[in-house]
Amino acid sequence: MFLEFFLILTIVYGSLCCDTVKNGPSFAVDYENNQFLLDGKPFRYVSGSFHYFRAPRQYWRDRLQKMRAAGLNAVSTYVEWSLHQPEPDVWVWDGDADIIEFIKLAQEEDLLVILRPGPYICAEREFGGFPYWLLNRVPDIKLRTNDSRYLQYAEEYLNQLLIRVKPFLRGNGGPVIMVQIENEYGSFYACDSDYKNKLKDIVKKHVGNKALLYTTDGSYREALRCGPIPGVYATVDFGTSANVTENFEMMREVEPKGPLVNSEFYPGWLSHWEEPFERVETPNITKVLDEMLLLGASVNFYMFYGGTNFAFTSGANIFDNYAPDLTSYDYDAPLTEAGDPTDKYFEIKRIISKYLPIPQLPTPAVSLKGEYGSVTLRPVLNLFDMASRNLYGTKQVKVMTNDPPTFEALGLSNWLVLYETVVPESLRSEDKIQLNAFPKDRALVYADGKFCGTLSRSHRVNSTILGTPNEIKILVENQGRVNFGNIDVEDFKGLFNVSINDAKVEYWNVTGFRFDESMESSLGNMQSTIAETRTLMSGPQILIGHFEIDGELRDTYLNTANWGKGIAFVNGHNLGRYWPLIGPQLTLYVPAPYLKKGKNLLVLVELEYVPENRKISFQTIPVLDYPAKIITTLK
């Protein structure tokens, strides 16, 4: 009898403890031994964040190889809802949005994958990754809550994504070992348990036990009060200034057993316009990393490779003031914006080698860059011309209302909306006219066709004196919907609380502008007699120039020094925003896949200032920490 009983216990114990080995690949938490189990064996990861949407897909493998060469055994990426569903009935899963190809490449490069699908991701991205049209479809929507209207769209997105990801979960033989529920929810005021549990159920339906569900939050009690979800493994974030022991003790208050995890360890930091470029010293990184790995913790670097916020994808933070994020997301990371290894990279590799085997891969080197010289640009259109409105004015409406329509009401995500009105005759006889308005986020004001002032959300400049004009133009720029801060996440864009001498404005002519890759074909052979340089008193200009490349195509940097504020396109690719007079970023990164042999086209949409020589240059080095200057108007 005793032998039979022992055999039964052995079988039961084996079915409970060794199921992962018998049934193939798996990833789980071994709570008794405070460790992860990969395919049934003790495991810990050293991962790095690399967001596929911040680099051309041609570079995905290169960046992943360099991460593996540093000793990392996993890669972490957010999934950006707005990229995959830019409009309500449009889904994009190919090209630079091919998340499945990214996962496959990671597996080929011997990297496991940690997936962070949101729906909210923060990430210093426009609107925290939410698609703008949520504010169009449901103007009173309450995001990141149990609002059924929001959850309807969020569930559709998660279903679309996770159906595709399911074959690549670890339990199905793929590399995806962990899937995050929401993102640092403990930092959000709502603290909505019903919402968190519903998201968990949506994700669990697809993931089951084929990968580990987890949360991550800042290592402070308020965040850990609201962030964790029952049945989901809770992890923490902290950087180089933190005390490792104290922060992991904070994690133990909500997760008494299981492996220690720092899901966002910061080897660099984010930067805003009008601020110094943020840097984190390497000795501080290696010291804290060594302490964590000595404790047996798993660690994810945020970011290991930062990349670029191309086009209009950079977001903004807001606490005391609205602070838009840079186009560059270099982040002072171990791999630069162009994917080059830094001294920080090699020092991190040295620490990792003490705890994990380093694969025998070629040592990464800094890539050669292209110096393609200067380009003389010629203006072809004034933005306010009828030709510009016809080409790029996707929304032109006349409204009788005290409240001019928002970007969202116009069905426009980015970048500019022009509001025009006629000053009532009753006000024209007054000595002066004062325009009052709250812009989201920056507005150039024109009286009778001449530039006369700037309104700024960042600087809380909400009024300007106009003289006694007959008509007023207000060009509002969306500088990025808020991705993180102490306000509601629903960050509508446009012009609010407008009045002239305290009288409401009743009539508006509104034009929303959209700029995309079609600019190349529409501008290539266009001629113009525009001659204005320096401060653009008559309105923004669209300028073009050509440059030749004969040899090998290489990454390069567009130096925007001496220009004002705007966006740049190369061969139809939107490089993003530039603002050299404010800083700190001076150059825009141009990946080699955006270039072509022979004739290349450069297009600028310049809002404020054109140098007299109209020259701009391509160079081999980036300039990301140009001294910041706080100004509200160009001189």
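Residues numbered from 1 in each chain as written. Predicted model: local features only at pLDDT ≥ 70, side-chain atom pairs only at ≥ 80, totals over all residues. Heavy atoms only, no water.

K.L.:
Honestly, the side chain of asparagine 436 in this entry has me stumped. Any pointers?
P.N.:
Mapped onto the elements of the fold, asparagine 436 is located in strand 18 (residues 433-440). For asparagine 436, a relative accessible area of 15% corresponds to the buried category. Side-chain polar atoms of asparagine 436 contact the side chain of glutamine 434, separated by 2.9 Å. Apart from the residues within four sequence positions on either side, asparagine 436 is in contact with Asn462, Ser463, Asn497, Val498, Ser499 and Asp502. (Helix = DSSP H or I, 4+ residues; strand = E, 2+ residues; numbered from the N terminus. Buried < 20%, exposed > 50% of the residue type's maximum accessible area, 1.4 Å probe, protein only. Polar contact = N/O pair within 3.5 Å; in protein donor to acceptor, adjacent residues only side chain to side chain. Contact = heavy atoms within 4.5 Å.)

K.L.:
Sorry, what's going on with the UniProt feature "domain: Glycoside hydrolase 35 catalytic" (unreviewed entry) in the chain here?
P.N.:
Here the UniProt feature "domain: Glycoside hydrolase 35 catalytic" (unreviewed entry) sits at residues 35-354. Helix and strand shares over residues 35-354 are 32% and 18% respectively, and the end C-alpha atoms of the span are 19 Å apart. (UniProt positions renumbered as here; feature names shortened; annotations may be inferred.)

K.L.:
Explain the sheet that holds strand 2 (residues 35-38) here, please?
P.N.:
Sheet strands pair via backbone hydrogen bonds, and the direction of the pair is either parallel or antiparallel. With respect to topology, three strands assemble into an open sheet ordered 1-2-3, the strand pairing being antiparallel. Taken across any chain shown, the strands that pair with only one partner, and hence form the sheet edges, are strand 1 (27-30) and strand 3 (41-43). Neighbouring strand axes in the sheet, compared pairwise and without regard to direction, differ in orientation by 45° on average. Pairing of strand 1 with strand 2 involves four bridges; the strand directions are antiparallel. (Pairing = 2+ DSSP bridges. Axes fitted to C-alpha atoms, helices over the stretch in contact; angles between N-to-C directions.)

K.L.:
In this structure, what is going on with the pairing of strand 32 (residues 587-590)? I would like to understand it.
P.N.:
Side-chain direction in a regular strand flips from residue to residue, so the side chains alternate between the two faces of the sheet. On strand 32, burial covers both faces: Thr587 and Tyr589 on one face and Leu588 and Val590 on the other are all buried. Taken together, the four bridges between strand 29 (residues 556-559) and strand 32 define a ladder with antiparallel strand orientation. Of the residues in strand 32, the one forming a bridge with threonine 556 is valine 590.

K.L.:
How should the pattern of salt bridges be read in this particular structure?
P.N.:
Oppositely charged side chains are able to pair whenever their charged atoms sit close together. Within this structure, the stated rule accounts for 38 salt bridges. The shortest N-O distance in the salt bridge between arginine 125 and glutamate 80 comes to 2.8 Å. In this pair, arginine 125 sits in the loop between strand 6 (112-116) and helix 6 (134-137) while glutamate 80 sits in the loop between strand 5 (74-78) and helix 4 (81-84), placing the two residues 45 residues apart along the sequence. Each member of the pair, arginine 125 as well as glutamate 80, is classed as buried. Here lysine 354 ties to aspartate 290 by a salt bridge, and the two come within 2.8 Å at their closest N and O atoms. (Salt bridge = Lys/Arg side-chain N within 4 Å of Asp/Glu carboxyl O.)

K.L.:
Is there a simple way to explain the nonpolar core in this structure?
P.N.:
Proteins that are soluble and globular tend to have nonpolar side chains buried together. Judged by nonpolar contacts, the single largest core of 114 residues is most densely connected at Ile99, Leu289, Met292 and Phe301. Examining the composition of this core, we find that nine residues originate from one element, helix 7 (residues 148-165), more than from any other. Leave out the neighbours within four places in its chain, and phenylalanine 301 touches Val46, Ser47, Gly48, Ser49, Leu72, Phe265, Pro267, Ile285, Leu289, Ile348 and Ile352. Counting 28 residues, the second largest nonpolar core, distinct from the first, contains Tyr59, Tyr589, Tyr594 and Ile616. (Core = buried A, V, L, I, M, F, W, Y, C linked by side-chain atoms within 4.5 Å.)

K.L.:
Before we go on, may I ask you to explain the packing of helix 7 against helix 8 (residues 193-207) in this structure?
P.N.:
Helix-helix packing is described using two parameters, namely the angle between the two axes and the distance between the axes. Relative orientation of the contacting elements helix 7 and helix 8 amounts to 25°, with a least axis distance of 9 Å. The orientation of helix 7 with respect to helix 8, classified from their angle, is roughly parallel. Seen from above, helix 7 lies across helix 8 with right-handed handedness. Taking contact as the criterion, the partners of Tyr150, Leu151, Glu155, Leu158, Asn159, Leu162 and Ile163 in helix 7 are, on helix 8, Tyr195, Lys198, Leu199, Ile202, Val203, Lys205 and His206. When the residues that make up the contact of helix 7 with helix 8 are grouped by side-chain class, the tally is nine nonpolar, two polar and three charged. (Parallel < 35°, antiparallel > 145°, perpendicular 65-115°, else oblique. Left-handed = near helix turned anticlockwise from the far one by under 90°. Nonpolar A, V, L, I, M, F, W, Y, C, P; charged D, E, K, R; others polar.)

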